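Chain by chain, the residues:
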Amino acid sequence: MRKFVFLLLVTLAITSCKKTQEDFVIEDVEPQRPIVDFGFHFANFNVHYDTIKRQETFETILKKQNLNGKKVADIIRVLRDSFPISVKFKRPYVCLRSKDKYNKLQYLIYQPNQRDYYLIDLTDSIVGYKKSRPLTFKIRTVAGELTGSLTQTLRKMKIEPTLSGRLNKIFAWSIDFFKSRKGDKFALSFTERYINDTVYDGIDSLRAAYFEYKGEKIYAFPFNQDRNGKVDYYDENGKALKNFFLKAPLKFVNITSHYTQNRFHPVQLIWKAHKGTDYAAPTGTPIMTTAAGVVEQAGYSTGNGNFVKVIHDKTYSTQYLHMSKILVRRGQHVKQGEIIGKVGSTGLASGPHVCYRFWKNGVQVDALKLKLPNSQVMEGRNLPRFKEQIRPLKRELDSVAEIRFNK
């Protein structure tokens, strides 16, 4: 027993010594691999990084590179048609110089944006190229619920908030985002661009999405019926999301007054009918026409202030009141979503808003209660292909939502 204990103590002592010795061993550091960018191994050059200073020009940048006046003039003359002479403040550029005592400039690379770059090759003759760094695309599928506005929610989820604009445009004919509430659930699948496989470059496309709205899931799947490059969005049954009219003439604002036969007028201080829907927004907010048509009226009246009325077809017309500025003229053809004016408080208005009025067969009606026709129909011959295309996408959305909300 004593012998065993002695051997155990010796073993522990040796192990402890080895560990202590190893703590002081300086290991060889693996040599740093050469940096590769713009198609160059930077280890082969003396590399200088810089950015465009205030009031710098292409010419002054060249003069900083130990080039004589004639060489600078020759470069500008040769590259005048292929290089952007007007460089942008704070944009980066890289100088690659020879690794010898001359430190001669061999390449100059200017980046007007994150992806594209201009390359000046001075190794032989003067040559200029416009190139793009390689892109890779990564799929990201997420589920969440509104914690505020859609933009704020996406930002909290570390998703580029500009995606909210795309989603608003896609779902504008199906969802009234004014009535979306905190806790409303959604799922999204989209592709993100990366430069050189590492540098984030934004969202490329939306693969699929759904939003829960008034207790119902509304899906959106992109589909090209004619294989001609034109993509529209459809629900899981092949019904187009794009209806004849937009839900509202503004984006992300508040309804302050609904269509009613009896309302106390805030300016006239009397009870009277209010045959429109008021959307409050800051002065200058763009007002969109909710459908394509022809401007029937564009002018001013005491009650309406600056207003525009658009005829869409033999059945429907719309009117937009209290504008601070009118941007269309009578007889002008306008497209759905086209900006026709700016929010104001002209006429009988207590604050900046647009009063949106709607006519059907010459009678003013409540636009929010209308069931309007669909402008596009899935062709029967395309439905099987559509169903096959969306099946894995729908499964993907439902799966990530189930994990997110049932955990």
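Throughout this description, residue numbers start from 1 for each chain and increase along the sequence as written. The model is predicted, so local features are restricted to residues of pLDDT at least 70 and side-chain atom pairs to those at 80 or more, both for listing and for counting; the totals for chains, interfaces and linings are taken over all residues. The basis for the side-chain values is all heavy atoms of the structure; hydrogens and waters are excluded.

Caption draft 1: Looking closely at the sheet that holds strand β4 (residues 92-97). With antiparallel pairing, five strands are arranged side by side in an open sheet as β3-β4-β5-β6-β7. Two strands lie at the open edges of the sheet, namely β3 (46-51) and β7 (127-132), each paired on one side alone. When the angles between neighbouring strand axes are averaged without regard to direction, this sheet yields 20°. The pairing criterion for strands is at least two bridges between them, as found by DSSP. Note on conventions: DSSP H or I runs of at least 4 residues are helices, E runs of at least 2 residues are strands, and numbering of each starts at the N terminus. The pairing of strand β6 (residues 116-121) with β7 spans six bridges and is antiparallel. The residue bridging L119 from the neighbouring strand is Y129, located in β7. Fitting a line to C-alpha atoms yields each axis, with helices limited to the stretch in contact; the angle taken between N-to-C directions then spans 0 to 180 degrees.

Caption draft 2: A look at the environment of G238. Position of G238 among the secondary structure elements: in the loop between β12 (232-234) and β13 (254-257). Contact between two residues is taken to exist if any of their heavy atoms lie within 4.5 Å; hydrogens are not considered. When residues no more than four places from it in sequence are discounted, the contact partners of G238 are M378, L383 and F386.

Caption draft 3: Expanded view of the pattern of salt bridges. Salt bridges are defined by distance alone: a side-chain nitrogen of Lys or Arg within 4 Å of a carboxyl oxygen of Asp or Glu. This model, assessed by the stated rule, comprises 15 salt bridges. Across the salt bridge formed by E192 and R140, the nearest N and O atoms sit 3.5 Å from each other. With E192 in strand β9 (residues 185-195) and R140 in strand β8 (residues 135-145), this residue pair connects regions lying 52 residues apart in the sequence. A relative accessible area of 23% places R140 in the partly exposed class. Relative accessibility thresholds used throughout: buried, under 20% of the residue-type maximum; exposed, over 50%; partly exposed, between the two (1.4 Å probe, protein chains only).

Caption draft 4: Region of interest: the sheet that holds β12. In space, the five strands of this open sheet follow the order β8-β9-β10-β11-β12, with antiparallel pairing throughout. The open sheet has two edge strands, β8 and β12, and neither has a second partner. In this sheet, adjacent strand axes meet at a mean angle of 30° when their direction is disregarded. Sheet topology note: the strand β10 (residues 199-213)/strand β11 (residues 216-223) ladder contains five bridges and is antiparallel. Counterpart to A209 in the pairing with β11 is A220. Sitting on the sheet, helix α6 (residues 383-405) is in contact with β8, β9, β10, β11 and β12, with an inclination near 55° to β8.

Caption draft 5: Seen up close, the side chain of D235. If you trace the backbone, D235 turns up in the loop between β12 and β13. Counting rule applied: Lys, Arg positive; Asp, Glu negative; His and chain ends not counted. There is no salt bridge for the buried D235, and the closest opposite charge comes from K239, which lies 5.8 Å off by N-O distance. In contact with D235, other than residues within four places in its own chain, are Y219, F221, L241 and F386.

Caption draft 6: Region of interest: helix α3 (residues 69-79). Within α3, burial applies to V72, D74, I75, I76 and L79. Lining the buried residues of α3 we find α2 (58-63), β6 and β7. The opening residue of α3, the one whose side-chain oxygen lies 3.2 Å from the backbone nitrogen of K70, is N68. Side-chain atoms alone can form a polar contact between residues adjacent in sequence; in general such a contact is a pair of N or O atoms within 3.5 Å, and within protein one must be able to donate a hydrogen while the other accepts it.

Caption draft 7: Just helix α5 (residues 163-171), in detail. Here α5 has its buried residues at L163, S164, L167, N168, I170 and F171. Projection of α5 onto a plane perpendicular to its axis shows the buried side chains occupying an angular sector of 165°, all on one side. Those residues of α5 that are buried are in contact with α4 (150-156), β9, β10, β11 and β12. The arc in question is the one traced by the directions running from the helix axis out to the C-beta atoms.

Caption draft 8: Representation of the pairing of β10. Taken together, the nine bridges between β9 and β10 define a ladder with antiparallel strand orientation. Across the sheet, I195 pairs through a bridge with V199, a residue of β10. Connecting β9 to the next strand, β10, in antiparallel fashion are three residues, including N196 with a positive phi near 55°. Linking two consecutive strands that pair antiparallel, namely β10 and β11, is a turn of two residues; a positive phi of about 55° is found at K214 within it.

Caption draft 9: Up close: the packing of aromatic side chains. Only centres within 6.5 Å qualify two rings of Phe, Tyr or Trp (six-membered ring in Trp) as a pair; their planes then separate them into stacked at under 30 degrees, edge-to-face at over 60, and tilted for everything else. Scanning all chains against the criterion turns up 18 aromatic pairs. Judged by centre distance (5.2 Å) and plane angle (80°), the ring pair of F223 and F386 falls under edge-to-face. On the criterion of sequence distance, the pair formed by F223 in strand β11 and F386 in helix α6 is long-range, its members being 163 residues apart. The exposure class of F223 is buried, given its relative accessible area of 2%. Within the aromatic cluster, the residues linked to one another by ring pairs are F245, Y316, Y320, Y356 and F358. To sit over a ring, a charge needs its Lys NZ or Arg CZ within 6 Å of the ring centre and within 35 degrees of the ring normal. One Lys or Arg, K138, reaches over the ring of Y194 and ends 4.3 Å from the middle of that ring. Across the ring face of W359, the terminal group of K309 is positioned such that the distance to the ring centre comes to 3.9 Å.

On their own, these measurements won't tell you what the molecule is for.
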